[in-house]
Each structure stands twice: as C-alpha cells, then as structure tokens.
Amino acid sequence: MPPPLPEPPAVPDNAPVDPLALLARGDRKGAITALMDQHGSTVFNFCSRFLVDRALAEDVLQQVFLNAYRDIHRFEGRSSPRTWLLRIAVHRCQDAIKARNRQRVDADPDAIHDAVDPGRIPDEHVEKSRLVRALEECLEALPRDVRATVLLRFHSGFSYREMAGSLDASAEALQARVSRALPALRRCLEDKGWANV
Amino acid sequence: MSDSDRDPDDEDWLLARERGDDISHVSPQARARYDQLDQLIAALPDRPPPAGWKQRVLDALDAPTPRGSSDALEALPRSPPTSTAAAARGSRTPIVRGWRAWILAAGGAVAGILILQLVIPRAKQAPAEPIVTTEVRRGEIVHRGDDASVGDTLVVHAQADQPIELRVYGDGGEPMARCTDTQGCTIERGGAERRYTLEVPLPARGDVLTVLFSGGAMTEPRKDLEADLAAARNARIDARQVAVVHVR
C-alpha cells in the first residue's frame with residue numbers, strides 16, 4: 001500500500017485567495033471568482049454612487065467582471081487588480097450613462113435612496129440620514145468625472161497614483177480636481193442648511 | 001457658515017494638502033472643516049451588491065456564446081427601460097437566456113406594442129422628456145464617440161416639445177456656448193416640437209460638458225457651471241449633464 005500523500009500546508013479558511021496565483025495556474029474562472037469576492041463590493045459601491053442608479057449599477061457590476069474575465073490574460077500586474085477593475089468600471093459606467101441618455105431614461109431617485117427610509121430608522125439616526133442624503137445630492141450635482149474622482153479618493157480610499165491608473169488623468173490633474181471639488185461640496189451642503197460640516 | 005467666513009484660499013491649500021505639501025500655515029479650524037467633510041464622504045454607507053450577482057456572472061461565463069457575438073457580454077440583459085426602486089429591490093432577471101427565450105421575448109414585445117396601439121386611446125400626452133444627442137465633427141467626418149481633438153466641433157442635437165436650454169462648459173466649468181429658444185443655435189419648429197442644433201468649436205484640451213436645463217425659464221448664465229447649477233437648483237429647474245467629450 002503506498003504511503004499516504006503529505007498533507008498540504010494548512011491554509012486558514014478565511015485567507016484571501018490570490019487571483020493572480022490562480023491565473024498563473026490557468027484557472028481563469030477561479031481568478032475571476034476571487035476578484036469578485038475581494039473587489040465586488042468596491043466596484044458596486046463606486047458604480048452605484050457614480051451612476052446614481054442602483055439597478056443600472058447592478059448590470060454594470062456584472063459587465064465589469066465579464067470584461068475582466070475576457071481581458072484578464074492581458075492584465076500584466078503593473079497596477080493592482082483593484083485599480084485595474086476600477087478602470088474597467090469607470091469605462092463601463094460611462095458607457096452605461098451614454099446608453100441611458102440615448103434611451104431617455106432618467107434615474108429614479110428612489111432607486112438610489114431607497115436604503116434610507118426615515119420612517120423606519122430610529123430618531124437619533126434621522127439627522128445623520130438627512131446629512132448623508134444631502135451629501136449624496138451634492139455629490140450627484142458634481143460633474144461626472146469630478147464625482148468619480150472624489151468618490152475614489154475619499155470613499156474608496158484610492159491613492160492618486162491608483163486613481164490616475166483608473167481615470168486616464170495625471171495625478172496632478174486629479175489633485176487639482178479634488179481641491180476644486182471639496183469647496184464646492186461644502187458650499188452645496190451649506191446651501192442645504194448644513195453649515196457646520 | 002456664512003459667506004464672510006469662507007476662506008477664498010481654500011482651493012490653494014487643499015491642493016497643497018492633496019499634494020502632500022506642508023499646510024501648517026492653515027488654521028486648524030479651516031483644516032477641521034475639510035477633515036470633517038472627508039470623513040463624511042468616507043463614511044457614506046456601503047451599498048451591498050445584489051444577492052446572487054456572482055453566480056449570474058459565472059452562469060454567463062458558462063453560457064453558450066450567441067451567434068455573432070464575441071463574448072459573454074452579449075448574454076447580459078440590457079438595462080430595463082426605466083430604473084425604478086422596485087426594479088432595484090426586486091429579483092434580477094437571470095442574465096443567461098437561450099435563443100428560445102429571446103424569440104419569445106421578441107414576439108412578446110411585438111405583441112405588446114400592437115396591443116398598446118389598439119387599446120390606448122390617442123389622448124393628448126404629457127410633454128415628453130427632451131432627447132439630446134451629441135456628435136463630434138472633424139472636417140467631413142462625424143462620429144458619435146466622446147473623444148475629440150483640438151479643432152474639432154462638438155455638435156449637440158436636442159429635440160423637445162417645450163422650451164429647453166443647452167449650455168456647454170469647458171474643463172474648468174467655464175461657459176463655452178449657450179442655446180436657448182431665441183439665441184445661440186439653429187432651431188427648427190414643427191408644432192410644439194423644437195429641434196435645436198448647437199455647434200461648438202473645441203479650442204483646447206480637456207473635458208467639455210453639455211448640460212440640459214429644462215422645466216422652466218433658466219436664469220442668465222453665471223460665471224461657471226457650478227454657479228449655473230446652483231441657480232437652477234434655486235429656481236427648481238431640472239439640470240442634467242447629458243454628455244462629456246474628452247478633447248485631447
């Protein structure tokens with residue numbers, strides 16, 4: 001009877017799977033599954049706030065990872081997978097906006113704000129929810145590219161180098177964009193009655 | 001915070017901050033205001049992706065590629081004609097559909113249109129949403145993409161059955177062109193319908209934004225896009241960015 005095979009090294013159940021390692025082994029589907037596990041939420045959050053349309057963001061989310069699956073063999077690792085995915089997401093979101101404009105479909109504000117239901121949240125959170133709603137409206141009023149930059153910088157926590165890789169702009173241009181956007185956001189909040197933000 | 005408290009140099013020191021330069025000369029109060037704003041954006045509540053989305057992607061990868069298409073993207077459903085909260089909350093349509101489903105769907109759509117034409121009375125309809133399309137002209141060549149070169153011309157077409165206004169802004173939000181019912185562009189009228197055509201030369205690199213104002217008489221242009229949007233908000237006029245062209 002042959003000796004038993006040695007046990008593989010123990011890997012904690014919650015250890016993140018390296019998608020690039022899976023890709024190197026030829027497991028393209030495994031790699032894309034790992035990317036979805038690790039970055040799906042980031043991509044969806046970005047798209048839903050960028051598009052201001054949750055239903056459309058759901059479609060774009062799927063398109064992003066189908067694109068990633070198609071093109072992953074061209075991913076050279078010069079940027080992080082997150083940067084690469086957000087770059088795809090930015091382009092797909094822009095395509096979706098153009099398609100939506102062509103179809104004359106307006107985003108239903110409820111689609112994006114339905115998570116905030118003042119009738120159901122405790123009183124102590126109502127004020128916070130209103131502030132969040134005001135901030136979301138101010139973000140939505142920003143030009144599309146500016147909104148993407150602010151969201152990536154402050155909500156997704158991207159560095160300017162990462163953002164430059166995702167947004168087809170130089171880090172310097174993005175820094176200038178953010179420095180112009182923040183006062184505009186603050187003024188917008190002030191106009192909505194949030195002077196102490 | 002009132003206007004008198006506003007620091008006119010905010011943009012300068014914020015730029016320095018974003019570059020990682022020393023901003024110790026800035027008052028702690030001013031810094032705190034923006035730190036608070038940064039934190040507020042960072043703390044915007046996460047929105048969980050819809051249940052089952054990963055499986056739908058994997059299913060699409062496994063789906064047979066429709067004839068004539070290049071990849072699994074063709075297996076994705078198109079966005080619904082209207083995006084509603086109900087659509088957002090409700091279950092999503094599986095993204096894999098066989099050819100039978102497509103035929104059934106197409107047949108159903110045709111039947112639906114015929115029924116609607118028979119059943120719905122031709123009552124006077126509410127004003128339709130304006131339709132805006134843009135194209136870029138370079139000499140004799142016209143394309144519908146959003147990339148342009150310096151020297152190209154942006155052509156904005158709009159169709160509406162109520163007065164609208166189109167404004168085009170440069171990379172810094174500066175106004176470049178304006179088209180109203182009475183000035184700035186060519187207008188063809190047929191009954192209540194108006195067809196606007198606005199041509200804007202693109203003299204410099206950067207993003208050029210087209211904004212549609214509708215639902216009321218827009219105020220005179222202010223100094224930039226931001227001021228115009230604020231004026232529109234105050235006047236309860238709908239302002240919608242309808243196109244961005246990247247001039248390289």
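You'll find the structure just up there.
These numbers come from a predicted model, not from an experiment.

How each quantity is defined
Residues numbered from 1 in each chain as written. Chains lettered and ligands numbered in written order. Predicted model: local features only at pLDDT ≥ 70, side-chain atom pairs only at ≥ 80, totals over all residues. Heavy atoms only, no water. Helix = DSSP H or I, 4+ residues; strand = E, 2+ residues; numbered from the N terminus. Buried < 20%, exposed > 50% of the residue type's maximum accessible area, 1.4 Å probe, protein only. Contact = heavy atoms within 4.5 Å. Areas by Shrake-Rupley, 256 points an atom, 1.4 Å probe, with all protein chains shown as cover. Disulfide = S-S within 2.5 Å. Pairing = 2+ DSSP bridges. Axes fitted to C-alpha atoms, helices over the stretch in contact; angles between N-to-C directions. Core = buried A, V, L, I, M, F, W, Y, C linked by side-chain atoms within 4.5 Å. Phe/Tyr/Trp six-rings, centres within 6.5 Å; stacked < 30°, edge-to-face > 60°. Left-handed = near helix turned anticlockwise from the far one by under 90°. Nonpolar A, V, L, I, M, F, W, Y, C, P; charged D, E, K, R; others polar.

Student: Explanation requested: the overall build of chain A in the structure shown.
Tutor: Along the backbone of chain A there are nine helices and zero strands. Moving toward the C terminus, one meets the helices and strands of chain A in the order α-α-α-α-α-α-α-α-α. Taken across its 197 residues, chain A has 53% of its residues classed as buried. Once local pairs closer than 6 in sequence are excluded, the contacts in chain A between residues at least 24 apart make up 65%. Per element, the accessible surface of chain A, about 9200 Å² overall, is 51% carbon and sulfur.

Student: For this particular structure, what's the right way to read the overall build of chain B?
Tutor: When helices and strands are tallied, chain B shows six helices and 10 strands. Counting only contacts in chain B whose residues sit at least 6 apart along the sequence, the fraction spanning at least 24 positions is 60%. For chain B, the exposed surface amounts to about 14400 Å²; the carbon and sulfur share of it is 54%.

Student: Help me understand unusual backbone geometry, please; the structure alone is not making it clear to me.
Tutor: Trans peptide bonds make up most of the peptide bonds, and negative phi angles are found at most residues other than glycine. Its identity is not glycine, yet Asp168 of chain A carries a phi of approximately 55°, on the positive side. With respect to the secondary-structure elements, Asp168 of chain A resides in the loop between helix H8 (160–167) and helix H9 (171–191). Phi is positive for Arg236 of chain B, which is not a glycine, with a value near 55°. Considering the arrangement of structural elements, one finds Arg236 of chain B in the loop between helix H6 (225–234) and strand E10 (238–247).

Student: Just checking my understanding: could you explain the state of the cysteines for this structure?
Tutor: Each disulfide consists of a covalent bond between the sulfur atoms of two cysteine residues. Residue and element names in this part refer to chain A. The tally for this structure, following the rule as stated, stands at two disulfides over all chains. Here Cys138 connects covalently by a disulfide to Cys188, the sulfurs 2.1 Å from one another. One disulfide, between Cys138 and Cys188, carries an S-S torsion of -85° and so falls in the left-handed class. Here the residue Cys138 occupies a position in helix H6 (residues 123–141), and Cys188 occupies one in helix H9, the gap between them amounting to 50 residues. For Cys188, a relative accessible area of 6% puts it in the buried group. This cysteine, Cys47, is not joined by any disulfide, and Cys93 carries the nearest cysteine sulfur, 3.2 Å off. With relative accessibility at 0%, the residue Cys47 sits in the buried group.

Student: What's the story with the sheet that holds strand E9 (residues 206–214) of chain B in this structure? I'm lost.
Tutor: Note on sheets: strands pair through backbone hydrogen bonds, and any given pair is parallel or antiparallel. Residue and element names in this part refer to chain B. Spatial ordering of the open sheet is given by E3-E10-E9-E5-E6, a layout of five strands whose pairing is mixed. Each edge of the sheet is formed by a strand with only one pairing partner; in this case those strands are strand E3 (147–148) and strand E6 (175–179). Both E9 and E10 contribute to a ladder of nine bridges, which runs antiparallel. Pairing of Gly206 across the sheet is with Val247, part of E10. Strands strand E5 (164–169), E9 and E10 of the sheet are contacted by H6, whose axis makes an angle of about 15° with E9.

Student: Just checking my understanding: could you explain the nonpolar core for this structure?
Tutor: One broad rule of soluble globular proteins: the nonpolar side chains tend to lie buried together. The biggest cluster of nonpolar side chains holds 74 residues, and the ones touching the most others in it are Phe46 and Phe65 of chain A. If we skip the residues at most four places from it in the chain, Phe65 of chain A touches Ile32, Leu35, Met36, His39, Gly40, Val43 and Leu85 of chain A together with Trp53 and Val57 of chain B. Counting 21 residues, the second-largest nonpolar core is a separate cluster that includes Ala148, Leu154, Ile164 and Val247 of chain B.

Student: I tried to follow the packing of aromatic side chains on my own but got confused; where do I start?
Tutor: Aromatic rings considered in pairs are described by the distance between their centres and by the relative angle of their planes. For the structure on display, the rule yields four aromatic pairs over all chains. Consider the rings of Phe46 of chain A and Phe50 of chain A, whose centres lie 5.3 Å apart with planes at 20°: the pair is stacked. Of this pair, Phe46 of chain A and Phe50 of chain A both sit in helix H2 (residues 28–51), separated by four residues, roughly a single helical turn. Per residue, the accessibility class of Phe46 of chain A equals that of Phe50 of chain A, and both read buried. Ring centres of Phe65 of chain A and Trp53 of chain B lie 5.3 Å apart, and the angle between their planes is 50°; on these two criteria the pair is classed as tilted. With Phe65 of chain A in helix H3 (residues 54–71) and Trp53 of chain B in helix H3 (residues 53–62), the pair connects residues from two separate chains.

Student: Would you mind going over the environment of Thr197 of chain B with me for this structure?
Tutor: Residues and elements named next belong to chain B. Inspection of the secondary structure assignment puts Thr197 in strand E8 (residues 193–201). Thr197 sits in the buried class, given a relative accessible area of 17%. When the C-alpha positions of Thr197 and Val132 are compared, they lie 9.8 Å apart, and in sequence the two are 65 residues distant. Ignoring sequence-local partners within four residues, the contact set of Thr197 consists of Val155, Val156, His157, Cys185 and Thr186.

Student: Looking at this structure, how should I read the packing of helix H7 (residues 144–155) of chain A against H8 of chain A?
Tutor: Two measures define how a pair of helices packs: the angle their axes make with one another and the distance between the axes. Residues and elements named next belong to chain A. Running from N to C, H7 and H8 point in directions that differ by 140°, and their axes come no closer than 10 Å. Between H7 and H8 lies a crossing of right-handed hand. Seen from H7, the contacting residues are Ala148, Thr149, Leu152 and Arg153; seen from H8, they are Tyr160, Met163, Ser166 and Leu167. Split into classes, the residues belonging to the contact of H7 with H8 amount to five nonpolar, two polar and one charged.

Student: For this particular structure, what's the right way to read the sheet that holds strand E2 (residues 141–143) of chain B?
Tutor: Residues and elements named next belong to chain B. Strand order in the open sheet made by the five strands is E2-E1-E4-E8-E7, with antiparallel pairing throughout. Two strands lie at the open edges of the sheet, namely E2 and strand E7 (186–190), each paired on one side alone. Averaged over all pairs of adjacent strands, the angle between strand axes in this sheet comes to 20°, irrespective of strand direction.

Student: Would you explain the pairing of E7 of chain B in this entry?
Tutor: Regular strands place side chains that alternate from one sheet face to the opposite one. All names here are of chain B. Counting buried positions over the five residues of E7 gives zero, only a small fraction of the element. Judged from the five bridges that link them, E7 and E8 form a sheet pairing that is antiparallel. Residue pairing for E8: Ile187 is matched across the bridge by Tyr196. Hairpin connection, E7 to E8: the antiparallel pair is bridged by two residues, and Gly191 has positive phi, about 65°.

Student: I'm lost on the environment of Arg161 of chain A in this one. Help?
Tutor: For Arg161 of chain A, the position within the fold is in helix H8. In this structure, the C-alpha to C-alpha distance between Arg161 of chain A and Thr83 of chain A, residues 78 residues apart in sequence, is 9.4 Å.

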